[in-house]
Every structure is written in C-alpha cells, then in structure tokens.
Amino acid sequence: FSCAAVILPVLLAIGSYLYLDRDVKIIEIKTSYNEHKPCTLPDGTTILLNSCTKLTYPSEFNDTARVVTLEGEAYFSVTRDMTKPFIVKTSELSIKVLGTKFNVSAYPTNDHSTATLNSGSIQVDTRESGNKYILKPHEEIIFNKIDQSVSLNTVTTDGIGWKNGWLVFQDATFNDMMNTLRHRYNVSIEYNKQAFANIPYTVKFVHNESVEEVLNVLQDVTGGFNYRIKGRHIIIT
C-alpha cells in the first residue's frame, strides 16, 4: 500500500510533465506586396491571406478553443467543431465562430477594421468596449478607429473580391484606399491626411488596372486631386 501511495503521485507528475512539455510552436505566415498566400491550419481550416498580412497560430490547438491572430486581411473557411470555437483576434476585434466562411480586414494603418460574413454565423466583439454583435450571411461590421463607432451593413460578395484579383473599395476612406494601393502596387504614397475628409467611398476595379488608371478614376470619385509619380513614390496634393 505504501509503495502504491508513492508510485501514484510520481506517475501523475510524469504525466503532467509530458502533457505540459508538448512541443507546441507558434507559426507565423506573412505575405508581401501584391501577394496572396493560402495556408491550412492543424484543424483543416483553410485561409487565404491578402497582401502585406501576418497570421499567427499554434502548431497544435488546445482542448478549448482554436485561436489565431491576424494583422492585415484574410478569408477564412473554418472547419466546423461544435466543441472548440474558432477565434480570430485583431487589435480591435475578436471574431468567434464554430464553422463558417468570412473575411477579416484589420490593417494597422487603416481607419477601419471590418468583418464580412459569407455563410454561417459569427460573433464579433469590439475588444475595447466588449460589445457583441451577431452577423448573418452577407452582413458586414465596420469598426471606425477614429471615433470608435460601429456600423452594420448588408453587402454582396464583391466586398471580398480581392480573392479574384479585383480591387474593391467599400465604404473606404481616402486613407484606407491609399493604404490598399501601397499593399497592392508596392509604392509609397505621400499626402496630407488632414486635407481629405473621412468620407466613405465605394468603387470597384476588376480589369487589373495600373496604379495610374486607379488614381485617375479616384480623382473623379473623390472630387479631384493632383498627383505625380517618381519611380515607386507617389505624391498627392
């Protein structure tokens, strides 16, 4: 009896050590300018990363949740698991799902962070206030970093047309559009942000337009500005 009393704690200690010593690594995937990259997570979830995006996730999910961190934009097709929710964390939002398809855009320099639902259902929490929102298919939540406001819109799948190579601006500020051009065309853009009002613009390009062609259209859409290009540097006035 005394021997068993000694052996049992030892076995429990060894078991705990082996469990805690699992070789779980943190994996980081990045994309460069105008690059799309697919990846598959340990649970079978597939993700397509947009340009200038960073995704971080563990090599093995724990027993209670599947948590990934996103900086940039990605389209998720989540493997369904009723016992283990899938959570995407950005600097402003936390998106919780069981199994569905959705898009998240959370570039640090953009004025807005968005989550767009394609199918299924997602719960979006604003990490600062803790408010929770339930989205239905073809709904989009937009978090405004400037005034901390939240809006819900009904959208079409065109809003995530970047997967098809399109350039889509939906309720985007001038600053958001310029950041997207930086990511897509690998250019630097110089302008006075204060000179442009935070007005939302919606415009779509589907013919692989050059940066000059895009800027020419945006000149009309925004009411006019001048620009000049020096190599990979654009100056807007």
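The notes below deal with the structure included here. Everything quoted here is computed from the prediction, not taken from an experiment.

**Digging into the overall build of the protein**
A count of helical and extended segments in the protein gives three helices and 18 strands. Sorting the 237 residues of the protein into buried and exposed places 42% on the buried side. Counted over contacts in the protein with a minimum sequence separation of 6, partners at least 24 positions apart contribute 46%. As presented, the protein carries roughly 12400 Å² of accessible surface, and 53% of it is formed by carbon and sulfur atoms.

**A look at the environment of Tyr33**
Inspection of the secondary structure assignment puts Tyr33 in the loop between β1 (26–30) and β2 (37–40). Along the backbone, Tyr33 and Arg182 are 149 residues apart, and their C-alpha atoms lie at a distance of 7.8 Å. What Tyr33 contacts, discounting residues up to four positions off in sequence, is Ser51, Cys52, Arg182, His183 and Asn186.

**Structural notes on helix α2 (residues 174–185)**
Given 3.6 residues to a turn, an α-helix orients residues that are three or four positions apart in the same direction. In this model α2 runs 16 Å from its N-terminal to its C-terminal C-alpha over twelve residues, within 8% of the 16 Å that 1.5 Å per residue would give. Here α2 lies mainly inside the structure; ten of its twelve residues are buried. All of the buried residues in α2 are Phe174, Asn175, Asp176, Met177, Met178, Asn179, Leu181, His183, Arg184 and Tyr185. Elements that come into contact with the buried residues of α2 comprise β9 (112–119), β14 (167–172), β15 (188–190), β16 (201–205), α3 (211–221) and β18 (233–236).

**Let's talk about the sheet that holds strand β17 (residues 227–230)**
Read across the sheet, three strands follow the order β15-β18-β17 without closing on themselves; strand pairing throughout is mixed. Of all strands in the sheet, those bounded by a partner on one side alone are β15 and β17. Between one strand axis and the next, the sheet turns through 20° on average, direction left out of account. Sheet analysis places β17 next to β18, joined by four bridges and oriented antiparallel. Bridging from a neighbouring strand, Ile229 pairs with Ile234 of β18.

**As for the nonpolar core**
Counting 28 residues, the largest nonpolar core has Leu41, Leu55, Val68, Phe76, Ile95, Phe102 and Ile122 as its most contacted members. At four residues, strand β5 (residues 66–77) tops the list of elements feeding residues into this core. Among residues more than four places away in sequence, those in contact with Val68 are Leu41, Leu55, Thr56, Tyr57, Phe61, Phe76, Phe86, Ile87, Val88 and Lys89. Residues Ile189, Tyr201, Val214 and Leu218 belong to the second largest nonpolar core, which totals 22 residues.

The rules behind the values
Residues numbered from 1 in each chain as written. Predicted model: local features only at pLDDT ≥ 70, side-chain atom pairs only at ≥ 80, totals over all residues. Heavy atoms only, no water. Helix = DSSP H or I, 4+ residues; strand = E, 2+ residues; numbered from the N terminus. Buried < 20%, exposed > 50% of the residue type's maximum accessible area, 1.4 Å probe, protein only. Contact = heavy atoms within 4.5 Å. Areas by Shrake-Rupley, 256 points an atom, 1.4 Å probe, with all protein chains shown as cover. Expected span 1.5 Å × (residues − 1). Pairing = 2+ DSSP bridges. Axes fitted to C-alpha atoms, helices over the stretch in contact; angles between N-to-C directions. Core = buried A, V, L, I, M, F, W, Y, C linked by side-chain atoms within 4.5 Å.

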